[in-house]
Amino acid sequence: MIAQDLHFVLFSNCLISRGAGRALLCDLQNEHFIFLPLALVSVLKKAQKTSVHRLLQQYPDHASYLQDFLHHLVESNYGFFTREPQLFPKMNLEWKSPNTITNAILELNNNNIENGKQALDALHDLGCIGVQCRFDAPVSLPALYDLFERISDSRIRHIELIFPWHVDLDAAALDIFLKKHLRISFVLCFGAAAPEYSFTTAKVIFSPKRQNTALHCGAVSELFFSPNLPTFTESQHHNSCLNRKISIDVDGNIKNCPSMAQSFGNIKDTTLQEALEHPEFKKYWNITKDQIAVCKDCEFRYICTDCRAYLENPHDMYAKPLKCGYNPYTCEWEEWSTNPLKQQAIDFYGMREVLPEFKLKPDYVPPRSTGTSST
């Protein structure tokens, strides 16, 4: 039995995100979540204002079940019982970052390495934290050494590499390169099977699939959920993909994302700072999931990535991401690429020829290096 004067309180890092069909209880410290029926969300909301004893009296037919449920939450470290609930304030959900840019994508090849060097220097000045470098053609290790030599004293802390594997590369030599550049935390080598080699400093994935990084961008999947404090708080106020992001495509065009059409100049004659000052550059930064069709009714909206490059309605910047197969009204996932309602948009973006590849599980998580939270 629970003492009459005890109240139930969720830990401040355990927050509820309510959807149309169910809710999530997210533990943002341990980075996991559980599903909750909407009826129990209402009970937990009442528990904030009344004692457990009085709460159970309001549900006499379900008192035993509710008591077991609260004990389960306590045993699972989602909450606790207390006589002084007023001593435990709610978490501050503000999000702040001192960095002008927090994350970036660079499309590179052997012909535009100088663009990459120039971009890395500029991103350091803007306070960028994470960078994903995508190569559409084989790149040599000497070229990579040359590119990343300049980041030893950079503000950039996390680097992801995506490039095609080729016969002149050697797994042991790649491992030596990664040991020298410890800021490289993730590598995706496509077009080859994994060698029998154990990499020690970075996560290295080999995929036999052909990659078109522009068309493969924007996938929404449970694999990409980030139930952590930076993502949850940033998503309250900003776009979970494009906020404070800048990209340079393979031709040197400065964009919000390489998959998007609009360019804000070319790195050959425009600085990143000048591109940022364009009146339309930041127009996507503050589009939250609470504003996006269907997403606003989804329980995953504060831990999910987003995509404004590929939309179900290409002419509506607030449309649901094209590559999302989740239905928050039925709480079910489906294969998005076979949905009849998405076929017109698929043709609009010219991705018909690569559809079979989307039915396979993706091999890597899209980049999302966030700034700092105020909490």
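Scroll up to find the structure this text is about.
Predicted model, so just to flag it, every value in this text is computed and none were measured.

*Asks:* So what exactly am I meant to see when it comes to the pairing of strand β9 (residues 184-190) here?
*Replies:* Regular strands place side chains that alternate from one sheet face to the opposite one. Burial of β9 is extensive: 6 of the 7 residues sit out of reach of the surface. Two strands pair when backbone bridges link them, and strand β8 (residues 158-164) and β9 are joined in this way by 6 bridges, in the parallel orientation. The partner of F163 across the bridge, within β9, is C189. Read from β8 through helix α6 (residues 171-180) to β9, the crossover connection turns out right-handed. One ladder, built from 5 bridges, connects β9 with strand β10 (residues 203-207); its direction is parallel. Pairing of F190 across the sheet is with S207, part of β10.

*Asks:* Could you clarify how one ought to interpret the packing of aromatic side chains in this entry?
*Replies:* For any pair of aromatic rings, the description rests on two quantities: the centre-to-centre distance and the angle between the ring planes. Considering all chains together, one arrives at 22 aromatic pairs under this definition. For the pair Y145 and F177, a centre-to-centre distance of 4.9 Å together with 80 degrees between the ring planes defines the contact as edge-to-face. With Y145 in helix α5 (residues 141-148) and F177 in helix α6, this pair connects stretches of sequence that are 32 residues apart. Its relative accessible area of 0% is what places F177 among the buried residues. When the ring of F348 is compared with that of Y349, the centres are 5.1 Å apart and the planes differ by 90 degrees; the resulting orientation is edge-to-face. Through a chain of ring-to-ring contacts, the aromatic side chains of F33, F35, F225, F300, Y326 and W333 assemble into a single cluster.

*Asks:* For this particular structure, what's the right way to read a positive patch on the surface?
*Replies:* Where like charges cluster on the molecular surface, the positive patch consists of R18, K45, K49 and K90. Within the element layout of this structure, K45 appears in helix α1 (residues 38-47).

Rules of the game
Residue indices begin from 1 for each chain and proceed along its sequence in written order. Totals for whole chains, interfaces and linings use all residues, but because this is a predicted model, local features are given only for residues with pLDDT of at least 70 and pairs of side-chain atoms are given and counted only at 80 or more. Where side-chain values are given, they derive from all heavy atoms of the structure, hydrogens and water being excluded. Classification of residues uses two cut-offs on accessible area relative to the type maximum, computed with a 1.4 Å probe and protein chains only: under 20% is buried, over 50% is exposed, and between them is partly exposed. Here a helix means four or more residues in a row that DSSP labels H or I, a strand means two or more in a row labelled E, and each is numbered from the N terminus. At least two bridges found by DSSP between two strands is the condition for calling them paired. Seen with its strands pointing away from the viewer, a crossover is right-handed if its path from the first strand over the helix to the second goes clockwise. Side-chain rings of Phe, Tyr and Trp, where Trp is taken by its six-membered ring, are said to pair if the distance between their centres is within 6.5 Å; with planes under 30 degrees apart they count as stacked, over 60 as edge-to-face, and otherwise as tilted. In this scheme, patches are assembled from residues that exceed 30% relative accessible area and form no salt bridge. Like charges are connected within 9 Å, while nonpolar side chains (Val, Leu, Ile, Met, Phe, Trp, Tyr) are connected within 5 Å. Reported accessibility uses the Shrake-Rupley method at a 1.4 Å probe radius. Residues are deemed covered only where the shown protein chains occlude them. By definition here, a salt bridge exists when the distance from a side-chain nitrogen of Lys or Arg to a carboxyl oxygen of Asp or Glu is within 4 Å. Asp and Glu are treated as the negative residues and Lys and Arg as the positive ones, with His and the ends of the chain left uncounted. A charged residue contributes its charge at one atom only: NZ of Lys, CZ of Arg, CG of Asp or CD of Glu.

Limitation: the analysis is restricted to geometry and does not speak to function.
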